[in-house]
Amino acid sequence: MCGIVGYVGRSEAAPILLDGLKRLEYRGYDSAGVAIVNGEGVQTRKCAGRIAALSKLMAQKPPSGSFGISHTRWATHGKVNDTNAHPHFDQSGKLALVHNGVIENYGALKAQLVEQGHTFETETDTEVLAHLIGSIYDKIDNNDSKGRLVNATREALKQVIGTYGIALLHADVPDFIVGARRGSPLVLGVGRDENFLASDVSAIVAHTRDAVYLNDFDLVAVERDKFEISSIDGETGEHQINKVEFTSEDISKGDYAHYMLKEIFEQPDSVRDAMRGRLNTEECTAKLGGLNMTAAELRDVGRVVLTGCGTALHAGGVGEYLIEQLASVPTEVEFASEFRHRNTPMTRDTLVFAISQSGETADTLGALRESRRKGYRTLGICNNVASTIARESDGGVYMHAGPEIGVAATKSFTSQVVILTLIGLLLGRMRNLSTAEGSRLIEALEALPDQIEDTLKLSDHIKSIANKYVDVSGMLFFGRQFNYPIALEGALKMKEITYLYAEGHPSAELKHGIIALVRPDLPSIFVAPDDGVFSKNLNNIEQVKARKGPIIAVTTQSGAKQLKGIANDVIVVPDAPDTLMPILTVIPLQLLAYHLAVGLGRDVDKPRNLAKSVTVE
Ligand code: G6P
């Protein structure tokens, strides 16, 4: 949510910043801007629209200089227009600032600054912070302009309530950028005679794979050949330079039309990677060393809470069924945004999992912190190594899915479900899951990558189904048991990228209200493999059919036979145990949403109003 890139070096900053912004466009794309400094002062280019619009603007009048900051915005305060695009300036016009996050007390700070004679050009909270830092800088009496800028930033941030990842520069302080973070990610890229700042390493991995992940309350002073990290309170500490695991090739689209399609097709590998080294065939269980828990502690777990947002929450929904089924441990899935503010009664033996692809989602992070504050062991299931959630949790399981760029999450979902299966298996084998059951589950898990490969072969068939439904007014999604969360996830994918109205429901709820919606232009998608509840689903399908609602069924071979002449369209996935079915049934729904979105001419990888990493509440 909002992306920041900064550069100090010997090359022209403009192409480096622009390229970095393109990599971060998934974080927000309503407006963008750069501020680059050379001997003639700060040159700013900013406009509403995508990075392509900024690129055009910069091509008309190229800014030159070897240090600068840039930003791609997802609006929180202030309309989407050229003026509100970042960077923002202080009263002198010499200090430029880009910001990711929300300054909650900006109203009060603004009032004080207005009283002191400051005038504001925008409606943003960011401009207030720029003015605040600038006003302190101007008052500091010291010849060391770098030290002044650092101290002014430090003093201003002490007055701020809210979240931020920031980068700033000053026309009078050459080859120098200041960055700081609290609640929004910021990473320092360490190069040779050049250094970088970014919200995410993908923006800078083309230039360096050495990265320092800043912690909350860190402030960094960045120069060409050195950097200094201290806390906002002025204390210095140890910081490790990490090697980034992926290369710039891993974040290219390759031959695929969209990142989302590439990531859907990566699922045989990402699912394999989520299991790699974690299956113990000898003891028919899972090995999850990152949980940092002894066998005795795992045996003592009496309750599990799974929390997350969006797609991660839906993976948790499958996890609730999985852990209860495999381990008989009472499990709840909770919206992170609700859980963090609710007074949920929990027993001391509760184990909490924060599920998040990015590891930066503000509400999930809030839930993790609240849960840890109350003393519950809280683990992370994250993809982004070194993300805030991964670092702040008591342990966890990495997804190893590789970078996910498409805003609509796909491969991260199946990896999360695999990991939750492994957790269920591990807890189950310490309770009443037999060796035979454990062994069967492991065999079925090992078969999944090939089965996913087979499911992906249905893409053209699914495309032809999608083409039939481009004129519909919306879609209903239904499923039972393990596939109820899949109905929710299918509807979410559909909403996110086609903008069609779509909702997911437990199939049986149909008759308690939803059936009133059924009509010929509102198809119902039933996720109905031939499992223990298939006959129940069949009843619901008949109820829709009787009211002339079109039906698309995602089922298995034997289910398809029974649906002949009933469902308008049938998508047949390979058979698997009920527990693993969601990993196969979700893929046709990802593809259905994808093909329909393409058919409708939507911007699949950057759907309107959405951002991939939501670092505001
Ligand atoms: C946003 C994204 C969703 C994602 C959710 C949680 O809403 O648009 O695709 O599922 O955040 O993200 P996380 O990184 O925490 O899994």
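1. Description of the packing of helix 9 (residues 310-327) against helix 16 (residues 484-498)
One way to put it is that helix 9 packs onto helix 16 with a least axis distance of 8 Å and a crossing angle of 170°. Considering the angle they form, helix 9 stands roughly antiparallel to helix 16. Across the interface between the two elements, Gly310, Thr311, His314, Gly317, Val318 and Tyr321 from helix 9 touch Tyr484, Pro485, Ile486, Leu488, Glu489, Leu492 and Lys493 from helix 16.

2. Description of the nonpolar core
Side chains of a nonpolar character, in soluble globular proteins, are inclined to be buried together. Counting residues in each nonpolar core, the largest one holds 86 residues, and the members touching the most others are Ile323, Phe353, Leu420, Ile423, Met475 and Phe477. It is helix 19 (residues 581-599) that provides the largest number of residues to this core, a total of twelve residues. In this structure, this core is formed jointly by two domains, domain 2 (254-452) and domain 3 (457-609), each of which donates at least three residues. In contact with Leu420, other than residues within four places in its own chain, are Leu306, Ala315, Gly316, Gly319, Leu322, Ile323, Ile355 and Ile381.

3. Description of helix 4 (residues 125-139)
For helix 4, built from 15 residues, the straight-helix expectation of 21 Å at 1.5 Å per residue is met to within 8% by its first-to-last C-alpha distance of 22 Å. For helix 4, a buried count of 13 out of 15 residues is recorded, marking the element as mostly surrounded by other parts of the structure.

4. Some remarks on the side chain of Thr361
Within the secondary structure, Thr361 is located in the loop between strand 19 (350-356) and helix 11 (362-373). A polar contact is formed between the side chain of Thr361 and the side chain of Ser358, at a distance of 3.5 Å. Beyond its immediate stretch of four places on either side in the chain, Thr361 contacts Cys309, Ser356, Ile389 and Val614.

5. Describing the layout of surface pockets
Estimates place the volume of the largest pocket at around 840 Å³. The wall of the largest pocket is formed by 44 residues, among which Phe246, Asn383, Asn384, Gly402 and Pro403 lie closest to the centre. For the lining of the largest pocket, the elements supplying multiple residues, two or more each, are strand 14 (242-243) and helix 7 (267-275). Within the lining of the largest pocket, the residues separate by chemical class into 15 nonpolar, 13 polar and 16 charged. Residue assignment places the lining of the largest pocket across two domains, with domain 1 (3-247) and domain 2 (254-452) each supplying three or more. In this model, the second largest pocket occupies a volume close to 650 Å³. If you go around the second largest pocket, you meet 30 residues; those closest to its centre are Gly310, Glu496, Ala611, Lys612 and Val614.

6. Section: empty space enclosed by the protein
Applying the stated criterion to the full structure yields two cavities of 30 Å³ or more. Along its surface, the largest cavity is lined by Cys2, Arg73, Trp74, Ala75, Thr76, His77, His86, His99, Gly101, Thr124, Asp125 and Thr126. Among the residues making up the lining of the largest cavity, the classes are represented as three nonpolar, seven polar and two charged. Reported here for the second largest cavity is a volume of approximately 50 Å³. Looking at the second largest cavity, the residues that line it are Phe339, Arg342, Thr344, Met346, Glu370, Ser371, Lys374 and Tyr376. Looking at the lining of the second largest cavity residue by residue, the classes come out as three nonpolar, two polar and three charged.

7. Side note on the domain arrangement of the protein chain
Parsing the protein chain into structural domains produces domain 1 (3-247), domain 2 (254-452) and domain 3 (457-609). Computed over C-alpha atoms, the centres of domain 1 and domain 2 are 34 Å apart. Contacts between domain 1 and domain 2 engage eleven residues on the former and eleven residues on the latter. Of the roughly 900 Å² buried between domain 1 and domain 2 on both sides combined, carbon and sulfur atoms contribute 51%. Counting every contact that joins domain 1 to domain 2 gives one salt bridge. With a shortest N-O distance of 2.7 Å, Asp216 and Arg369 are connected by a salt bridge. Taken together, domain 1 and domain 2 are joined by five residue pairs in polar contact (both at pLDDT 80 or more). Of the residues in the side of domain 1 that touches domain 2, the class split is six nonpolar, one polar and four charged.

8. Focus: the packing of aromatic side chains
Taken as a whole and assessed by the stated rule, the structure comprises four aromatic pairs. Judged by centre distance (5.3 Å) and plane angle (50°), the rings of Tyr7 and Phe196 are tilted. With a gap of 189 residues between them, Tyr7 in strand 1 (residues 3-8) and Phe196 in strand 10 (residues 195-198) connect regions that are remote in the sequence. For the pair Tyr7 and Phe196, a shared accessibility class is recorded, and that class is buried. For Arg148, the ring lying beneath its charged end belongs to Tyr137, and the centroid distance is 4.1 Å. Positioned above the aromatic ring of Tyr376, the side-chain terminus of Arg348 is 4.4 Å from the ring centre.

9. Details of the site of the ligand
Within the structure, the ligand sits among 14 residues, and Thr311, Ser356, Gln357, Ser358 and Thr361 are positioned closest to it. Ser356 is positioned with one of its side-chain polar atoms (N or O) 2.6 Å from an oxygen atom of the ligand. Separating an oxygen atom of the ligand from a backbone N or O atom of Val407 is a distance of 3.2 Å. Here the ligand has 390 Å² of accessible area as a free molecule, and 90% of this is covered by the chains. The cavity that encloses the ligand is the second largest pocket. Tallying contributions element by element places helix 9 first for the shell around the ligand, with three residues.

10. Focus on the pairing of strand 12 (residues 218-222)
One face of the sheet, then the other: side chains in a regular strand alternate in exactly this way. When you tally the buried positions in strand 12, you get five out of five residues, the bulk of the element. Across the two faces of strand 12 the burial is the same, with Asp218, Val220 and Val222 and Leu219 and Ala221 all buried. Relative to strand 12, strand 8 (residues 177-182) is paired through five bridges, and the arrangement is antiparallel. Of the residues in strand 12, the one forming a bridge with Val178 is Ala221.

What counts, and where the lines are drawn
- Residues numbered from 1 in each chain as written.
- Predicted model: local features only at pLDDT ≥ 70, side-chain atom pairs only at ≥ 80, totals over all residues.
- Heavy atoms only, no water.
- Axes fitted to C-alpha atoms, helices over the stretch in contact; angles between N-to-C directions.
- Helix = DSSP H or I, 4+ residues; strand = E, 2+ residues; numbered from the N terminus.
- Parallel < 35°, antiparallel > 145°, perpendicular 65-115°, else oblique.
- Contact = heavy atoms within 4.5 Å.
- Core = buried A, V, L, I, M, F, W, Y, C linked by side-chain atoms within 4.5 Å.
- Buried < 20%, exposed > 50% of the residue type's maximum accessible area, 1.4 Å probe, protein only.
- Domains from an automatic or database assignment.
- Expected span 1.5 Å × (residues − 1).
- Polar contact = N/O pair within 3.5 Å; in protein donor to acceptor, adjacent residues only side chain to side chain.
- 1 Å grid on protein atoms, 1.4 Å probe; cavity = no way out; pocket = protein on both sides within 12 Å on 5 of 7 lines; lining within 4 Å.
- Points joined across faces, edges and corners; volume = space filled by probe spheres on them.
- Nonpolar A, V, L, I, M, F, W, Y, C, P; charged D, E, K, R; others polar.
- Buried area = accessible area lost by both parts, 1.4 Å probe.
- Salt bridge = Lys/Arg side-chain N within 4 Å of Asp/Glu carboxyl O.
- Phe/Tyr/Trp six-rings, centres within 6.5 Å; stacked < 30°, edge-to-face > 60°.
- Lys NZ or Arg CZ within 6 Å of the ring centre and 35° of its normal.
- Near = heavy atom within 4 Å.
- Areas by Shrake-Rupley, 256 points an atom, 1.4 Å probe, with all protein chains shown as cover.
- Sits in = over half its atoms within 2 Å of the grid points.
- Pairing = 2+ DSSP bridges.

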